[in-house]
Amino acid sequence: MSSPEKPLQVFPRILLPYLTGLVVFYHFRYEGFIAVFIFINLVLLIGLFLLNCHYLEIKAYRFKSWIGLLFHLFLFFFGGLMCYHHQSLIKPDHFSKSPTASYLKVQVINEPQRKGNILRFKVEIETVYLQEKQSQQSDKRSRNNPLRAKKASGTLMIAIKSDPKQPLVIDYGTTLLVPARFTTISPPFHPAQFDYQAWLASQNVHHQSFLLQHQVLKLRPNSGNRLFTFAIALRAQQIERYKKLLKDSTSVGLASTLILGYRAELSKETLDTYAKTGTIHALSVSGMHVGLIYLIINHALAFLNQRRVWKKTRLFLILGLLWFYALLTGCTPSVLRSVIMLSILLIGQTYSRSTNSYNILSFAAFFMLLYDPFLIWDVGFQLSFMAVLGLLYLQPKLQELWPVDENQQDYWKLKNTWSYKLWGMISMSLAAQLFTFPLSIYYFHQFPLYFLLSNLFILIPITLVLYLGILLLIPGLDFLAPALNWLIQFNNSGLQYLAALPGASLTGIWINKLELILLSVSLTLGLLALVKCNWKLLLATFTVFLPLQLSISLTTIKRYHQELVIHFNLPKHKAVAYLFSHQATVYTELKQEDPTFRYFIQPVLDYHQIRFVSIKSFPP
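Residues numbered from 1 in each chain as written. Predicted model: local features only at pLDDT ≥ 70, side-chain atom pairs only at ≥ 80, totals over all residues. Heavy atoms only, no water.

Here's the deal with a nonpolar patch on the surface
- Together, Ile34, Ile38, Leu42, Ile46, Phe49 and Leu50 give the surface a local cluster of nonpolar side chains, amounting to about 540 Å² of exposed area.
- Mapped onto the fold, Ile34 is located in helix H2 (residues 34–53).
- Classification of Ile34 as partly exposed rests on a relative accessible area of 31%. (Patch = residues over 30% accessible without salt bridge, like charges linked within 9 Å, V, L, I, M, F, W, Y side chains within 5 Å. Areas by Shrake-Rupley, 256 points an atom, 1.4 Å probe, with all protein chains shown as cover. Salt bridge = Lys/Arg side-chain N within 4 Å of Asp/Glu carboxyl O. Helix = DSSP H or I, 4+ residues; strand = E, 2+ residues; numbered from the N terminus. Buried < 20%, exposed > 50% of the residue type's maximum accessible area, 1.4 Å probe, protein only.)

Given below as structure tokens:
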């Protein structure tokens, strides 16, 4: 009996050239160039179609490699076309191209976040109201209709200062009329500061507006997508239930983040603790959470496996509940990736179809990037897919390092031992951490040294928190609240202890984009060299690693000889830093523990490799 044929890895070959096109053409914003992109794509598509129609006649099989190259070129330029089409700034009806606009009619497209008395949210522009130039003869006639409405597009970030006595309440889907007062988002004044401009640009937002409450007029409430409106309202109800039952703000923030994907209640201290211990992935609703939810649903619907006819009903129910959970948590990239992959896997199992893990992962990435090409710049998207790629490729190879007896019976005994399962958990953490290591230090500038211990510690508590948190949402199970609160406190206390240990994390690590590429390539080559025991790949690893080390060394020498004066642009505060070699004197009224100092000043000092800091007040 022949073994079933393995599925071809089609989507990795589709994804790579398409993804390359997105990256190359992301900053390509020349107006009117879309016709060129369409022409190139049409020529390549027609060429591929004609080759397929006359494949045998012209004996095209002799030029398979060239046809493959043509197909990859089409996907490359198709990625460029999708990226170019997604750019809102190049569209002729973008609201920023109406300089005489007086008002904007907008619709809220995300869940507004309140911090203090500031309400912040994104809006989609529907209409601009233009102020027409009027002659003296037409002034009297134009008083009744002085503005002209014009359809417009684009996305705007709005921040509203609410009245503390009677705060403004705005929900997802609300239509507003606001003044056309907006500014372009400024870049950071220093490379070490968070690039808010680039972060919003990856979401197609290039302008922002700061308004007062009396300048905003509500037109229509809840005119957005009904499904999203329902999911957001339901999540708000569940968060209020957590606040009522748990009461402790830390427990409410963690439960809301872990189970419902709502981070607004999460404290900065809790976030820092999880970041320092390498467990911040637990705060993002991801594959682990979706997998645990699936286990509950699958166990509850196990009775539908008794008959073959009921299996399709079971599949429909599981997929419906999983996608609803993704909707409830805000459809973050990591959740979408998990639900898409699990959906394909379940469909394949139900219909007895063989599946390939790399195919499924590439399929999920391709269609997510097809829907929103700019997701490629989302940190959660990048880390999520790299972690799963590490689990698929490296984890099985690390698992095989555990010594196994050749006897089949002893092998199955070994698989059921706690030591073998513990090594499986360690290998999973190692694989995910290695594949996300370059991105982690590039974005977060730190590396947790105790990540293995931390991840093993939280494994059981986080699982119990997730299950108890879901059960607590069911009416009548309020008695579980004290147990959930204690479990969250226990988990946080353990992580705080680990974060306070000497050398818990390496901080102040700064690498540029070139160094990120060199580090990623050298790490990839090194892993391949170890897996395949290939000395040529090992030599290539050192060849790539040398310019990386040279770049880091040159930066270190530059920092040693630096003499700089940096004036900080801080909200409500002043600060000036005098840098000499690895020492800095900072004149400011802030203390080193203040959030403003840690957010604005400390990253700049870390970027310049400052080891000794002296803080002084401004002279009178």
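There is more to say, and it comes next.
Some details on the pairing of strand S1 (residues 101–108)
- S1 sits mainly inside the fold: 6 of its 8 residues count as buried.
- Looking at chain direction, S1 and strand S3 (residues 118–131) are connected through 7 bridges and run antiparallel. Residue pairing in the sheet places Val106 in a bridge with Ile125 of S3.
- Of the strand pairs in this sheet, S1 and strand S6 (residues 175–179) are connected by 5 bridges, and their pairing is antiparallel. From the neighbouring strand, Gln107 faces S6, where its bridge partner is Thr175. (Pairing = 2+ DSSP bridges.)

Comments concerning the packing of aromatic side chains
- The full count for this structure, using the stated rule, is 36 aromatic pairs.
- With 5.0 Å between their ring centres and 90° between their planes, Phe11 and Phe363 make a pair best called edge-to-face. Of this pair, Phe11 sits in helix H1 (residues 10–24) while Phe363 sits in helix H12 (residues 357–371), and the two are 352 residues apart along the sequence.
- Phe363 gets classed as partly exposed once you look at its relative accessible area, which sits at 25%.
- Ring centres 5.4 Å apart and planes at 55° place the aromatic pair Phe25 and Phe76 in the tilted group. With a gap of 51 residues between them, Phe25 in the loop between H1 and H2 and Phe76 in helix H3 (residues 64–86) connect regions that are remote in the sequence.
- On the basis of relative accessibility, which here comes to 18%, the residue Phe76 falls in the buried class.
- Of the aromatic side chains, those joined through ring pairs into one cluster are Phe11, Tyr18, Phe74, Phe78, Phe363, Phe366 and Phe367.
- The side chain of Lys574 reaches across the aromatic face of Phe618, ending 5.2 Å from its centre. (Phe/Tyr/Trp six-rings, centres within 6.5 Å; stacked < 30°, edge-to-face > 60°. Lys NZ or Arg CZ within 6 Å of the ring centre and 35° of its normal.)

A word on the side chain of Ser162
- Within the secondary structure, Ser162 sits in the loop between strand S5 (155–161) and S6.
- The class for Ser162 is buried, based on a relative accessible area of 4%.
- Residue contacts for Ser162: discarding those within four places in its chain leaves Arg114, Asn117, Leu119, Pro167, Leu168 and Gln213. (Contact = heavy atoms within 4.5 Å.)

A word on the sheet that holds strand S15 (residues 612–616)
- The strand order S12-S13-S14-S15 describes an open sheet built from 4 strands, whose pairing is mixed. At either end of the open sheet lies a strand with only one pairing partner, and these are strand S12 (563–570) and S15. Strand-to-strand twist across the sheet, computed as the mean angle between neighbouring axes with direction ignored, equals 20°.
- As paired strands, strand S14 (residues 583–588) and S15 are joined by 5 bridges and run parallel to one another. (Axes fitted to C-alpha atoms, helices over the stretch in contact; angles between N-to-C directions.)

Points about the pattern of salt bridges
- Using the criterion set out here, one finds 4 salt bridges in the structure.
- We note a salt bridge from Asp272 to Arg598, for which the minimum N-O separation is 3.8 Å. Highlighted residues: Asp272 in helix H8 (residues 268–276) and Arg598 in helix H20 (residues 595–607), separated in sequence by 326 residues.
- Judged by relative accessible area, Asp272 falls into the partly exposed class, the value being 21%.

A word on the nonpolar core
- Counting 35 residues, the largest nonpolar core has Tyr18, Met341, Met368, Leu369, Phe381 and Phe385 as its most contacted members.
- Among the secondary structure elements, those contributing two or more residues to this core are H1, H2, H3, helix H11 (333–350), H12 and helix H13 (379–399).
- The element best represented in this core is H3, accounting for 8 residues.
- Excluding its chain neighbours within four sequence positions, the residues that come into contact with Phe385 are Arg337, Leu361, Ala364, Ala365 and Met368.
- Judged by nonpolar contacts, the second largest core, of 32 residues, contains Tyr242, Val252, Ala255 and Leu328. (Core = buried A, V, L, I, M, F, W, Y, C linked by side-chain atoms within 4.5 Å.)

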